[in-house]
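# Descriptive structure summary
Residue-level listing of the chains:
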Amino acid sequence: MDFEFSDEERAFVERVRAFLAEEAARPDAGEIMQPNRESDSILADTPARRAFCRRMAERGYLGLSWPVEFGGQGRSGVFEYLLNEELARVGAPLIGKGVGCIGQTLIRHGSDQLKREFLPKILKAEVEFALGYSEPSAGSDLAALRLRAERCDGGWRLNGQKMFTTSAHFADWYWLAARTNPQAPKHKGVSLFLLPMRQAGITVHPIETMGEHVTNQVFLDDVFVGDDWLVGEADRGWTYICEALDYERFTFYTFSPLEQKLDALIELAASRRQDGVRLTERADTRRALARLATDVETARGLQRAVIWAASHGEVPGVEAAMFKLFSTELHQRLANLALDILGPEGLLSKADPDAPDHGKWEWSYRATALDTIGAGTSEIQKNIIARRGLGLPLAG
Ligand SMILES: Cc1cc2nc3c(=O)[nH]c(=O)nc-3n(C[C@H](O)[C@H](O)[C@H](O)COP(=O)(O)OP(=O)(O)OC[C@H]3O[C@@H](n4cnc5c(N)ncnc54)[C@H](O)[C@@H]3O)c2cc1C
């Protein structure tokens with residue numbers, strides 16, 4: 001594995017940094033760049049955030065890896081990875097599902113009409129999507145989804161419930177998986193649709209999570225969707241969903257927040273004393289910090305392994321599972337040590353003016369649990385590593 005970036009890639013990072021430095025000087029920068037936030041949904045749909053995304057689009061930062069014929073730049077996904085790392089470093093919104101799984105799936109499987117309708121809007125950051133996969137009884141076992149799409153004159157009628165749809169409270173369009181053929185084996189009767197979030201029959205109920213990430217339950221009651229909004233072929237949705245995971249390898253979980261949290265944790269330890277001794281001079285704290293520093297470097301290596309394999313045309317399913325498992329649990333361990341260092345004060349939330357570090361660590365302690373669940377739980381990542389990586393049989 002060669003982890004060195006090319007001159008072109010390094011020059012790209014410099015351009016992104018210059019753009020972000022300009023952005024940091026804007027009067028509304030505080031609304032856009034929030035390095036200490038633990039949840040993307042906190043930024044949600046503010047006008048400042050949308051305007052920032054449009055400025056990214058104007059600079060050509062959306063669709064870097066899309067084919068030129070669809071308005072992209074035909075570059076390697078490594079550029080999207082580099083861009084997202086720089087965005088994460090300053091706490092700005094990342095490029096996400098629009099240019100990622102949705103745009104890429106439309107490019108490969110969408111009708112000409114869907115391509116005309118959505119691709120230019122995605123490239124100009126004019127449209128927000130919500131992903132409707134999970135249901136009350138279909139999360140880890142997504143293929144068990146039951147939301148029903150039944151044929152009717154000119155289209156389909158949708159009935160059922162989705163669970164944990166992040167962004168549903170502000171998105172314009174719903175990218176939704178539904179069961180179109182209940183007789184077929186469960187992986188074969190699923191289809192993907194696009195439908196306007198404000199379509200009659202859709203009700204959105206917010207779910208507040210322990211990490212302040214707002215997600216939603218979405219109910220669909222006899223919602224009509226025309227044939228034109230079916231993505232690709234009916235009953236082939238499962239294939240598209242699995243394929244789309246591969247488009248996201250380059251933008252899947254960023255590393256730089258781990259590095260920043262480690263630095264902040266060292267500063268925190270250096271600023272506190274116990275029995276008159278600075279914590280960074282105590283053996284137990286030094287041991288814990290050295291261990292975490294080693295783990296942060298391990299996470300960097302695991303992420304680079306994903307990027308390296310993906311940029312060499314391989315499908316790094318096992319590498320991505322290892323990185324997701326290790327890095328999300330490492331975020332939790334960083335927060336745990338911070339609370340150990342802070343003692344009872346660590347329980348003060350950011351709402352309390354006396355909270356150390358403005359309540360950053362207490363929030364981190366609550367929020368980091370969520371990343372070990374979303375996009376495949378830790379147990380599911382371990383199953384992938386055990387089965388695909390180690391060739392072990394299914395658990396008995
Ligand atoms: C913050 C957040 C945002 C999300 N955003 C979205 C979104 O925008 N769109 C969307 O569609 N979904 C979203 N999700 C849903 C997410 O993908 C699911 O929560 C996740 O896949 C787990 O599914 P579940 O919650 O139904 O739990 P279950 O699948 O019911 O799992 C419950 C427990 O059982 C364990 N388990 C399940 N199966 C196995 C197994 N085979 N082996 C071992 N252990 C197992 C799990 O690890 C877990 O601990 C989001 C979730 C979170 C937390």
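Evaluated as defined, the whole model comprises ten aromatic pairs. A ring pair is formed by F19 and F52, whose centres lie 6.0 Å apart and whose planes are at 25°; its orientation type is stacked. With F19 in helix α1 (residues 7-24) and F52 in helix α3 (residues 47-58), the pair connects residues that are 33 residues apart, well separated along the chain. A relative accessible area of 2% means that F19 is categorised as buried. Consider the rings of W173 and W229, whose centres lie 5.2 Å apart with planes at 40°: the pair is tilted. Of this pair, W173 sits in strand β4 (residues 173-179) while W229 sits in the loop between β7 (214-226) and β8 (230-231), placing them 56 residues apart in sequence. Members of the aromatic cluster, each reached through a chain of ring pairs, are F12, F19, F52, Y61 and F79. When the ring centre of W156 is taken as origin, the NZ or CZ atom of R151, which lies over that ring, is 4.2 Å away.

A complete count under the given rule lists 27 salt bridges for this structure. Here E86 ties to R17 by a salt bridge, and the two come within 2.9 Å at their closest N and O atoms. One end of the pair, E86, is in helix α4 (residues 78-90); the other, R17, is in helix α1, and 69 residues separate them in sequence. Take E86: its relative accessible area is 5%, and that puts it in the buried class. For D295, the salt bridge goes to R291, with nearest N and O atoms at 3.1 Å. Placement of the pair is D295 and R291 together in helix α9 (residues 283-311), with a separation of four residues, close to one helical turn. Classification of R291 as exposed rests on a relative accessible area of 53%.

The buried fraction of helix α5 (residues 98-109) amounts to ten of the twelve residues, a majority that puts the element mostly inside the structure. Within the sequence span of α5, burial applies to G98, V99, G100, C101, I102, G103, Q104, T105, L106 and I107. Here the buried face of α5 lies against α6 (112-123), β1 (129-132), β4, β5 (190-196), β8 and α7 (237-247).

Another aspect to go through is the domain arrangement of the protein. Along its sequence, the protein is carved into domain 1 (7-95), domain 2 (130-236) and domain 3 (252-389). The distance between the C-alpha centroids of domain 1 and domain 2 comes to 29 Å.

Interaxial distance between α1 and α3 falls to 12 Å at its minimum, and their mutual angle equals 145°. Here the hand of the crossing between α1 and α3 comes out right-handed. For the pair formed by α1 and α3, the contact residues are F19, L20 and E23 on the first element and F52, R55 and M56 on the second. For the contact of α1 with α3, the residue count by class is four nonpolar, no polar and two charged.

Conventions we followed
- Residues numbered from 1 in each chain as written.
- Predicted model: local features only at pLDDT ≥ 70, side-chain atom pairs only at ≥ 80, totals over all residues.
- Heavy atoms only, no water.
- Phe/Tyr/Trp six-rings, centres within 6.5 Å; stacked < 30°, edge-to-face > 60°.
- Helix = DSSP H or I, 4+ residues; strand = E, 2+ residues; numbered from the N terminus.
- Buried < 20%, exposed > 50% of the residue type's maximum accessible area, 1.4 Å probe, protein only.
- Lys NZ or Arg CZ within 6 Å of the ring centre and 35° of its normal.
- Salt bridge = Lys/Arg side-chain N within 4 Å of Asp/Glu carboxyl O.
- Contact = heavy atoms within 4.5 Å.
- Domains from an automatic or database assignment.
- Axes fitted to C-alpha atoms, helices over the stretch in contact; angles between N-to-C directions.
- Left-handed = near helix turned anticlockwise from the far one by under 90°.
- Nonpolar A, V, L, I, M, F, W, Y, C, P; charged D, E, K, R; others polar.

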